[in-house]
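# Reading the structure
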Amino acid sequence: MKLPEIHISDFEIQKTDQKEMHIGAALIGLSFLMPILFTVQSFRVQEYMYLALEYQEKTDLMIAALRLVMLNALRAAPHYIGAYFIAESVQIYWRGRKCWVPNACMILLILPLVYEAIYIVSGIRYDFGLPALLLSLCVALFRRMDYQYISRTKKTLMLLIFTVAFQFLDIMPLMSSLPVGRGETSMDIKLIAEVLEANPLLNAVGAVGILVVALFAVIILLQLRDENNFQRLAKEREKTQAAQGRAMLLEMKNRTYQEIKYLVHDLKSPLTSTQTLVGVLKMQSERNGNEKELEYLSRIENQMDRMSGMISEILYENRCSRTETARLLDMALAQVSVESYAACVHIDNEVPETCVSVNSILFTRVLVNLIRNAAQAAVSSRPLEIWLRVRARLVEGVPYVTFSVTDNGRGMTEQEQAAMWEQGISGKGSSGLGLAFVKKTVEAMDGSVVSESCPGKGTRFLIFLPEVLDYGTQNNDSFH
């Protein structure tokens, strides 16, 4: 039987939560201070042990044992919770499906290393015995449950309760044959219990402690599961409602657009008639030798031809024409001139007479969408600056024209950039169709669009379009 091949490319990291990563690292760092801040002396464990021996009092021994449980839990909690958050911060997919095994292995690898590092730094060796192993597995399984809609505070509380539960194993003489309670203080407590003939009582306290705390932890775990499922269903319901809303909005836009197309189509007839009349008048002017009238009529004819081309581009989205970059920028600026951010838009066109083959109506909407998104990314800490630059460049020997829209706004994270081209992903005040429209339109014109962004500094969208070279036989109109 041939095993399936596994490639590194099958694995993909799609989510890295920097905040959780930092919280986990901070908790791991805190765990190195815990043996210094909290000791058996500061918790008065030894004091009660001495009292139990001096007065032969089993109650003092139970108090010492419970104090040791709390001390061990307090010392252990930071690195267990820290390891969980570090593993939680990374989302790994294998062949398109979420995979939790690498995260669990990460936890099981981090914890022994932390134990060894604490010994090297402070000289205190924590016993990585059965309680530590069980707690490590518990943390790994908790990661497997993927409670992504539960707050970090509740997750921390959950892990803290489990940490306390497993520490009761260290004080149970019944567990002495297992790798449990091998720490110096734990062994002293069990030795005193043997002297005082308190082994049954200490076993009972440990068993009751484990059962009560573990039962409490399970109850909370079930509540968190229900809360997570409820939140997940609520999120899915919101997405469904948002999708329905976008579908209705898109349907309304399509209906409005169809009405506009019908109206524009009706304009074709009088425009064609007018063009015919202008042609007749030009012929009469040529016969009469009236150069001035002929010049005026030629200008009118050129403007009507331009209007006819614009109407064709509205009616036929796949119709492209050879258009100068300066004209495209003029059309875009005309649309944003009424906006409050118009004064923040700056133009830098190095190739105003260079031509590209585009549907000028749709491409103008592309530029307007990008400028509007740039304006919505403004931050209050600095004045908004939007630059629309046009350049000519060679890409592998092929001449291209680039249109870039750059802002100094809030920027985007890698996750936002990865999702921004999807329909439904929107910024403030957007329907969520803008960037999907940009990408679809540019690619339909044989171009491409990429983005560069830095959180807190700004974003740049860069559009590549093939340059149309004028060989004297270039057609004005084409269909893609």
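The structure displayed is predicted, hence computed values, not measured ones. (Residues numbered from 1 in each chain as written. Predicted model: local features only at pLDDT ≥ 70, side-chain atom pairs only at ≥ 80, totals over all residues. Heavy atoms only, no water.)

Where helix α5 (residues 101-122) contacts helix α6 (residues 130-145), the axes come no closer than 9 Å and their chain directions differ by 145 degrees. The crossing of α5 and α6 is right-handed. Residues N103, A104, I107, L108, L111 and Y115 of α5 form the contact with α6, whose participating residues are A132, S136, L137, V139, A140 and R143. Tallied by class, residues from the contact of α5 with α6 come to nine nonpolar, two polar and one charged. (Axes fitted to C-alpha atoms, helices over the stretch in contact; angles between N-to-C directions. Helix = DSSP H or I, 4+ residues; strand = E, 2+ residues; numbered from the N terminus. Left-handed = near helix turned anticlockwise from the far one by under 90°. Contact = heavy atoms within 4.5 Å. Nonpolar A, V, L, I, M, F, W, Y, C, P; charged D, E, K, R; others polar.)

Our next topic: helix α14 (residues 434-444). Considered for burial, the residues of α14 that qualify are G434, L435, A436, F437, V438, T441 and V442. Buried-residue contacts for α14 involve α12 (360-376), β9 (448-454) and β10 (458-468). The positive-phi residue at the C-terminal boundary of α14 is D446, with phi of around 65 degrees. (Buried < 20%, exposed > 50% of the residue type's maximum accessible area, 1.4 Å probe, protein only.)

Turning next to the packing of aromatic side chains. Enumeration over the complete set of coordinates arrives at five aromatic pairs. With 6.1 Å between their ring centres and 75 degrees between their planes, F38 and F43 make a pair best called edge-to-face. Residue classification places F38 among the partly exposed residues on the basis of a relative accessible area of 25%. You can call F43 buried: its relative accessible area is 18%. Where Y400 meets F464, the ring centres are 6.4 Å apart and the plane angle is 80 degrees; that geometry is what we call edge-to-face. (Phe/Tyr/Trp six-rings, centres within 6.5 Å; stacked < 30°, edge-to-face > 60°.)

The next point concerns helix α3 (residues 45-55). Because an α-helix completes one turn every 3.6 residues, residues spaced three or four positions apart along the sequence face the same direction. Inspection of α3 places V45, Y48, M49 and A52 among the buried residues, and these make up the whole buried set. Buried residues along α3 cover an arc of 105 degrees about the axis, so they all sit on one side. Exposed residues lying more than 90 degrees from the buried face of α3 are Y50, E54 and Y55. The inward-facing, buried residues of α3 contact α4 (58-88) and α8 (184-195). (Arc of directions from axis to C-beta.)

With that out of the way, let us pick up the packing of helix α1 (residues 18-31) against α4. Here α1 crosses α4 at 160 degrees, and the two axes come no closer than 7 Å. Looking at the two axes, α1 sits roughly antiparallel to α4. Here α1 and α4 pass one another in a crossing that is left-handed. Contact with α1, carried on its side by E20, M21, I23, G24, A25, L27, I28, L30 and S31, involves P78, H79, I81, G82, A83, F85, I86 and E88 of α4 and no other residues of that element. Classifying every residue of the contact of α1 with α4 gives eleven nonpolar, four polar and two charged. (Parallel < 35°, antiparallel > 145°, perpendicular 65-115°, else oblique.)

Another aspect to go through is the side chain of T354. Mapped onto the elements, T354 comes out in the loop between β5 (345-349) and β6 (355-358). With residues near it in sequence (within four places) discarded, T354 still touches T323, E324, T325, V401 and E467.

This paragraph deals with the environment of D330. Here D330 is to be found in helix α11 (residues 325-336). A sequence separation of 34 residues divides D330 from T364, and the C-alpha atoms of the two residues are 9.2 Å apart.

Counted under the stated rule, the structure contains twelve salt bridges. One salt bridge in this structure joins E20 and R152, with 3.4 Å as the shortest N-O distance. Here E20 is found in helix α1, whereas its partner R152 is found in helix α7 (residues 152-167), with 132 residues between them in sequence. Note on R152: relative accessible area 27%, which makes it partly exposed. For K154, the salt bridge is made with E227, and the minimal N-O distance between the two is 2.8 Å. Linking K154 in helix α7 with E227 in helix α9 (residues 199-288), this pair joins segments that are 73 residues apart in sequence. With relative accessibility at 34%, the residue K154 sits in the partly exposed group. (Salt bridge = Lys/Arg side-chain N within 4 Å of Asp/Glu carboxyl O.)

With that settled, consider a nonpolar patch on the surface. Residues L30, L33, I36 and L37 make up a contiguous nonpolar surface patch of roughly 370 Å² in combined accessible area. Note on placement: I36 falls in helix α2 (residues 34-37). (Patch = residues over 30% accessible without salt bridge, like charges linked within 9 Å, V, L, I, M, F, W, Y side chains within 5 Å. Areas by Shrake-Rupley, 256 points an atom, 1.4 Å probe, with all protein chains shown as cover.)

Another point: the confidence of the model for the protein. Any region with low pLDDT has predicted coordinates that should not be read closely. Considering every residue of the protein, the mean pLDDT works out to 81; 85% of them sit at 70 or more. Low pLDDT, under 50, characterises residues 1-9; the predicted model gives this stretch five contacts beyond four residues in sequence or across chains. In this model, residues 424-432 is a region of pLDDT below 50 whose contacts with residues beyond four sequence positions or in other chains number 15 contacts. (pLDDT = per-residue confidence, 0-100.)

Right, let's talk about the side chain of T325 for a bit. Within the secondary structure, T325 sits in helix α11. Once residues within four sequence positions are removed from consideration, T325 is found in contact with N349, V351, P352, E353, T354, V390, V401 and F403.

Let's shift gears to the pairing of strand β7 (residues 386-395). In this structure, β5 lies alongside β7, joined through five bridges in parallel fashion. Paired with N349 across the bridge in β7 is V390. In this structure, β7 lies alongside strand β8 (residues 398-407), joined through ten bridges in antiparallel fashion. Bridging across to β8, L388 finds its partner in V405. Between the antiparallel neighbours β7 and β8 lie two residues, among them E396 with a positive phi of about 55 degrees. (Pairing = 2+ DSSP bridges.)

In terms of nonpolar packing, the biggest core is built from 62 residues, with V45, L61, Y80, M158 and I189 touching the most fellow members. Where this core is concerned, the elements lending two or more residues are α3, α4, α5, α6, α7, α8 and α9. Excluding residues within four positions of it along the chain, L61 makes contact with A52, I189, I192, A193, L196 and A198. Counting residues in each nonpolar core, the second largest holds 38 residues, with V351, I371, A374 and L384 among its members. (Core = buried A, V, L, I, M, F, W, Y, C linked by side-chain atoms within 4.5 Å.)

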